[in-house]
Amino acid sequence: MADLRVKQRYAVIGAGWAGCAAAMELARAGHAVTVYEAARTLGGRARRVEREKTVLDNGQHILLGAYTETLRLIKLAGQDPAELILSLPLQMRYPVDSGGMDFLAPRLPAPLHLAWALLRAKGLQRADKLSLMRFSTAMRWMGWQLYNDCTVSELLQRFDQTDRLNRLMWHPLCLAALNTPPERASARVFINVLRDSLGASRRRASDMLIPKTDLSALLPEAAARYVEQHGGAVRTGAKITALHALPDGRWRLDDADSFDAVIVATSSVQAATLLQGVRDPRLDDAITRMQAFTPEAISTCYLQYDAAVRLDLPFCALVDAPEQQHWGQFVFDRGQLDGKQAGLLAVVISASGSAAEQGHGPLAQAIAAQLAQVLRRPELARPAWTQLITEKRATFACAPDLLRPGNASGVPGLLLAGDYTANEDRTQDYPATIEAAVRSGVAAARVVTTAKAAKQT
Ligand SMILES: Cc1cc2nc3c(=O)[nH]c(=O)nc-3n(C[C@H](O)[C@H](O)[C@H](O)COP(=O)(O)OP(=O)(O)OC[C@H]3O[C@@H](n4cnc5c(N)ncnc54)[C@H](O)[C@@H]3O)c2cc1C
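A short tour of the structure in this document, coming up. Predicted model, so just to flag it, every value in this text is computed and none were measured.

What follows is about the pattern of salt bridges. Scanning the entire structure with this criterion turns up 23 salt bridges. Two residues, Asp214 and Arg48, come together in a salt bridge whose shortest N-O distance is 3.0 Å. Of the two residues, Asp214 is situated in the loop between strand 9 (208-211) and helix 9 (215-218) and Arg48 in strand 3 (residues 48-51); the sequence distance between them amounts to 166 residues. With a relative accessible area of 22%, Arg48 lands in the partly exposed category. For Glu221, the salt bridge is made with Arg48, and the minimal N-O distance between the two is 2.5 Å. Here Glu221 is found in helix 10 (residues 220-229), whereas its partner Arg48 is found in strand 3, with 173 residues between them in sequence. Classification of Glu221 as partly exposed rests on a relative accessible area of 22%. Connected through salt bridges with shared partners, the residues Arg195, Asp196, Glu435 and Arg439 form a single ionic network.

Attention now goes to the state of the cysteines. The full count for this structure, using the stated rule, is zero disulfides. In this structure Cys398 is a free cysteine whose sulfur lies 8.5 Å from that of Cys174, the closest cysteine sulfur available.

Before going further, it helps to examine the packing of helix 1 (residues 17-28) against helix 10. Two packed helices can be described by the angle between their axes and the distance between those axes. It is the contact of helix 1 with helix 10, at a shortest axis distance of 9 Å, that shows an interaxial angle of 25°. The orientation of helix 1 relative to helix 10 falls into the category roughly parallel. Helix-helix and strand crossings are classified by hand; for helix 1 and helix 10 the assignment is left-handed. Where helix 1 approaches helix 10, its residues Trp17, Cys20, Ala23, Met24, Ala27 and Arg28 are matched on the opposing element by Pro220, Ala223, Tyr226 and Val227. Grouping the constituent residues of the contact of helix 1 with helix 10 by class yields nine nonpolar, no polar and one charged.

Right, let's get into the environment of Pro295. Topologically, Pro295 is positioned in strand 15 (residues 295-304). For Pro295, a relative accessible area of 38% puts it in the partly exposed group. Note: C-alpha distance between Pro295 and Gly343 (48 residues apart in sequence) is 32 Å. Setting aside residues up to four positions removed in sequence, Pro295 forms contacts with Lys392, Arg393, Thr395 and Phe396.

Near the ligand there are 34 residues, and of these Glu37, Arg45, Ile62, Tyr67 and Asp419 occur at the shortest range. In this structure, an oxygen atom belonging to the ligand sits 2.6 Å away from a side-chain N or O atom of Glu37. For the ligand, whose free accessible area comes to 1000 Å², the fraction covered by protein is 93%. When residues of the shell around the ligand are traced back to their parent elements, those giving at least two are helix 1, strand 2 (32-37), strand 19 (385-396) and helix 15 (434-456). The residue inventory of the shell around the ligand, partitioned by class, reads 16 nonpolar, 13 polar and five charged.

Before going further, it helps to spend a moment on helix 2 (residues 68-76). Of the residues making up helix 2, those classed as buried are Glu69, Thr70, Leu71, Leu73 and Ile74. Positive backbone phi, at 90°, marks Gly78, one or two positions downstream of helix 2.

This paragraph deals with the packing of aromatic side chains. As enumerated under the stated definition, the model contains eight aromatic pairs in all. On the basis of an interplanar angle of 25° and a centroid distance of 5.1 Å, the ring pair of Phe293 and Phe396 is categorised as stacked. Of this pair, Phe293 sits in the loop between helix 12 (284-291) and strand 15 while Phe396 sits in strand 19, placing them 103 residues apart in sequence. For Phe293, a relative accessible area of 10% translates into the label buried. Taking 5.2 Å as the distance between ring centres and 15° as the angle between the ring planes, the aromatic pair formed by Phe315 and Phe332 counts as stacked. Taken as a pair, Phe315 in strand 16 (residues 315-317) and Phe332 in strand 17 (residues 330-333) lie far apart in primary sequence, 17 residues in all. Note on accessibility: Phe315 and Phe332 belong to one class, buried. In this structure an aromatic cluster arises from ring pairing among Phe135, Phe159, Trp170 and Phe190.

Where helix 5 (residues 126-141) contacts helix 7 (residues 163-178), the two axes come as close as 9 Å, and the packing angle between them is 60°. The angle between helix 5 and helix 7 falls in the class oblique. As helix 5 packs across helix 7, the resulting crossing turns out to be right-handed. Note on element contacts: helix 7 touches helix 5 through Arg164, Leu165, Met169 and Trp170, opposite Asp128, Ser131, Leu132 and Phe135. Of the residues contributing to the contact of helix 5 with helix 7, the split by class is five nonpolar, one polar and two charged.

Cut-offs used in this document
Residues numbered from 1 in each chain as written. Predicted model: local features only at pLDDT ≥ 70, side-chain atom pairs only at ≥ 80, totals over all residues. Heavy atoms only, no water. Salt bridge = Lys/Arg side-chain N within 4 Å of Asp/Glu carboxyl O. Helix = DSSP H or I, 4+ residues; strand = E, 2+ residues; numbered from the N terminus. Buried < 20%, exposed > 50% of the residue type's maximum accessible area, 1.4 Å probe, protein only. Disulfide = S-S within 2.5 Å. Axes fitted to C-alpha atoms, helices over the stretch in contact; angles between N-to-C directions. Parallel < 35°, antiparallel > 145°, perpendicular 65-115°, else oblique. Left-handed = near helix turned anticlockwise from the far one by under 90°. Contact = heavy atoms within 4.5 Å. Nonpolar A, V, L, I, M, F, W, Y, C, P; charged D, E, K, R; others polar. Near = heavy atom within 4 Å. Polar contact = N/O pair within 3.5 Å; in protein donor to acceptor, adjacent residues only side chain to side chain. Areas by Shrake-Rupley, 256 points an atom, 1.4 Å probe, with all protein chains shown as cover. Phe/Tyr/Trp six-rings, centres within 6.5 Å; stacked < 30°, edge-to-face > 60°.

Structure below.
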């Protein structure tokens, strides 16, 4: 039977990772897509910035082997993940004698890699190892599903996790994955991430992936090339201020172009503003849900040292002890990722509201002092320069039973994409991450193309 589908004209507002994913999916399906991005640089909350004449990111990111959609699109856009991303086995390693632990999964098939890592882990006692084993057995038995959501702290308490495990493993993992402290974080979403990484049948799903290139180059700019090669257009410095529903069901953006459908791929705050302007009561539910999100900050402190400075590992965890002014949670040696960044360290603080209150100068100084002390390298107390970037609205607080809007806004032809949208199946809900954004973008594109195709037949 002949394909009766007509090529549609679609607009995507926002070229973060969700918007880029949506645009690629629409272009791949043969539609005409135009992307409007307010900023000059593509990538949104995961993008390149330039400071001190150095190419940095707005925040140090880490991806997981479980980010299957992100990795698929990076390849589809013509990029080679093996060249652009450092892939490390699952690990939680602290500097020697810093009061931490050393947990490193070997390259063995899953779940043997975890059993081996646990057996060999240093800094954990028998009781810690047994409680971790019990937790993971119980999760497998429960099919990694939680029918009633609760906080991560409650979940850990329910499964008798020891204080040491909570402090050295669960607390930092929860902060890194959900950017929300365990006492406020959703256990259901945390379990979804654990299932797809630690619990996956493929060992590589638990790998930790660190981009060697800047984040805009990793996907968003390659996505823009892909869209343009498929006949689409990407406009930067193009902020959309109003969406107008036309009587024929099409949409006009500001006073210019009109489209068969629009995917709003901005952050939830910006999406709520755009949707409010449409003045359609069918959008009220989505707007109310978006307005209920509370933001969580992430700070990244870059510290430049002499090019000869190198850490023992590409990245390691740090014991987070704010009462001692030890705010840093992870440190990355950028020089081991990119030769041009020799001597550059990036220290990450998730859920960084209280840390950021210290002020840029004092916080950067405290981080340099923490590195010097825990790594036992006094020279690290005196960086040549520091750059502290705090993204106040890095993610939404991933609370239990959070009501998230879906891709369908409630009005035909108007779709939502972004790290905040809900999945149709709650067991697939992710925290605000690159993978959540990419999955949401692809899903929104599929929803709109399927709806249009159904209308045509
Ligand atoms: C510091 C930091 C560290 C993080 N660390 C990690 C990590 O380690 N791992 C991980 O997976 N995730 C991490 N995240 C989360 C991840 O970056 C985000 O979840 C993801 O980038 C969100 O993508 P998005 O496309 O949904 O939204 P956004 O990135 O917010 O994209 C929205 C885009 O829309 C544009 N826009 C807004 N309004 C308009 C308008 N009116 N007209 C046109 N364009 C508009 C914006 O400029 C932006 O480019 C981190 C985030 C931050 C900030």
